[in-house]
Amino acid sequence: MDSQTRSGTEAAPGTGTATAPAPRPKLEGPRALLLDAGVPIASYYLLTGAFGLSTLAALAWSGALPAARSLWSLVRERRLNAVATLMTATNIIGLLLSLAAGDERLMMAKDSAVSSTFGLAVLVSALIGRPLMAPMLKPWITKGDVARSAAWDRLTAESAWFRRVQRRHSAVWGAALLGECVARVIGAFTLPVDTMVWLGTVMLIAAIVLAIVVSGVIGIDKMEKLVRAEAATAAGAGTAAGAAAPAPAGAPAPEVSAAPAGTAAR
């Protein structure tokens, strides 16, 4: 195989041609979100429900992964992993409240206090212009596609409307989670304990559904369409630039007749 053939099969840096490591960034966003938030939450309910561990033990074990991820980001990558750090803080607060909780009603109120920590942090992040839910939203909007991820980054940097919707999205989720916590606390001290055992779960599901619906109303669907359009525009511009690129060095120049134009016409 000659040098020209090899140069055609090997992708040059920055050309956008798919290479072997390309699948890794596609999985990084959803995988990071799953490790930082999904696994700890699921493991907490699994340890308390299926294995019968105490709240204290379940919080300790479920918080091990986000704590390790947060420490790894600080030491190895020299950056703050916001989601993992927040989950670690939430688990620590839950552990402290578990030590102080005594009766059943206080234990139910404790659960709302733990989730309210997350909701309050999300709401404050929206108010200060650093929406905490944006990194969680990005994988679901971009679907792990490299071009869409790049489009998301460009729109975040250049579009005020895009950033505003990100802040609104975090504000909606923060308000929904805080509202659920307030309702759970009120119910814990006013309703029968047997009722709150199942009603607390219903409240949480209702808050999540409400947040999803309102997020769609404020523009999440439009964000997804805009990201797709931006990615398609960038791909089209890259194709046009490639078609208009000059001939590579070493290519034979077109032959030009030395005869006058009139002679050639005759």
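You'll find the structure just up there.
Residues numbered from 1 in each chain as written. Predicted model: local features only at pLDDT ≥ 70, side-chain atom pairs only at ≥ 80, totals over all residues. Heavy atoms only, no water.

Chemist: It is not clear to me how the packing of helix H7 (residues 134-142) against helix H8 (residues 146-158) should be interpreted in this structure. Could you clarify?
Modeler: Two measures define how a pair of helices packs: the angle their axes make with one another and the distance between the axes. In contact at an axis separation of 9 Å, H7 and H8 are set at 135° when each is read in the N-to-C sense. Considering the angle they form, H7 stands oblique to H8. The element H7 and its partner H8 pack so that their crossing is right-handed. Only Arg148, Ser149, Trp152 and Asp153 of H8 make contact with H7, whose side of the interface consists of Ala134, Leu137, Lys138, Ile141 and Thr142. Along the lines of polarity and charge, the residues of the contact of H7 with H8 split into four nonpolar, two polar and three charged. (Axes fitted to C-alpha atoms, helices over the stretch in contact; angles between N-to-C directions. Helix = DSSP H or I, 4+ residues; strand = E, 2+ residues; numbered from the N terminus. Parallel < 35°, antiparallel > 145°, perpendicular 65-115°, else oblique. Left-handed = near helix turned anticlockwise from the far one by under 90°. Contact = heavy atoms within 4.5 Å. Nonpolar A, V, L, I, M, F, W, Y, C, P; charged D, E, K, R; others polar.)

Chemist: Before we go on, may I ask you to explain unusual backbone geometry in this structure?
Modeler: For residues other than glycine, phi is negative in most cases, and the peptide bonds are mostly trans. Its identity as a non-glycine residue notwithstanding, lysine 143 has a phi of 55°, on the positive side. Counting through the fold element by element, lysine 143 comes out in the loop between H7 and H8.

Chemist: Just checking my understanding: could you explain the packing of aromatic side chains for this structure?
Modeler: Aromatic rings considered in pairs are described by the distance between their centres and by the relative angle of their planes. Evaluation of the coordinates by the stated rule reveals one aromatic pair. Taking 5.1 Å as the distance between ring centres and 80° as the angle between the ring planes, the aromatic pair formed by tryptophan 152 and phenylalanine 162 counts as edge-to-face. With tryptophan 152 in helix H8 and phenylalanine 162 in helix H9 (residues 160-190), this residue pair connects regions lying 10 residues apart in the sequence. (Phe/Tyr/Trp six-rings, centres within 6.5 Å; stacked < 30°, edge-to-face > 60°.)

Chemist: I keep staring at the pattern of salt bridges and nothing clicks. Help me out?
Modeler: Pairs can form between side chains of opposite charge whenever their charged atoms are close. For the structure shown, the criterion picks out five salt bridges. For lysine 138, the salt bridge is made with aspartate 153, and the minimal N-O distance between the two is 3.0 Å. With lysine 138 in helix H7 and aspartate 153 in helix H8, this pair connects stretches of sequence that are 15 residues apart. Assessed through its relative accessible area of 41%, aspartate 153 is described here as partly exposed. Among the ionic pairs, glutamate 180 bridges to arginine 184, the shortest N-O distance being 2.8 Å. Here the residue glutamate 180 and the residue arginine 184 both occupy positions in helix H9, the gap between them amounting to four residues, near one helical turn. Residue classification places glutamate 180 among the buried positions, given a relative accessible area of 4%. (Salt bridge = Lys/Arg side-chain N within 4 Å of Asp/Glu carboxyl O. Buried < 20%, exposed > 50% of the residue type's maximum accessible area, 1.4 Å probe, protein only.)

Chemist: Just checking my understanding: could you explain the environment of glycine 200 for this structure?
Modeler: Within the secondary structure layout, glycine 200 lies in helix H10 (residues 193-243). Distance in space between the C-alpha atoms of glycine 200 and serine 112 is 9.1 Å, their sequence separation being 88 residues. With residues near it in sequence (within four places) discarded, glycine 200 still touches Glu180 and Arg184.

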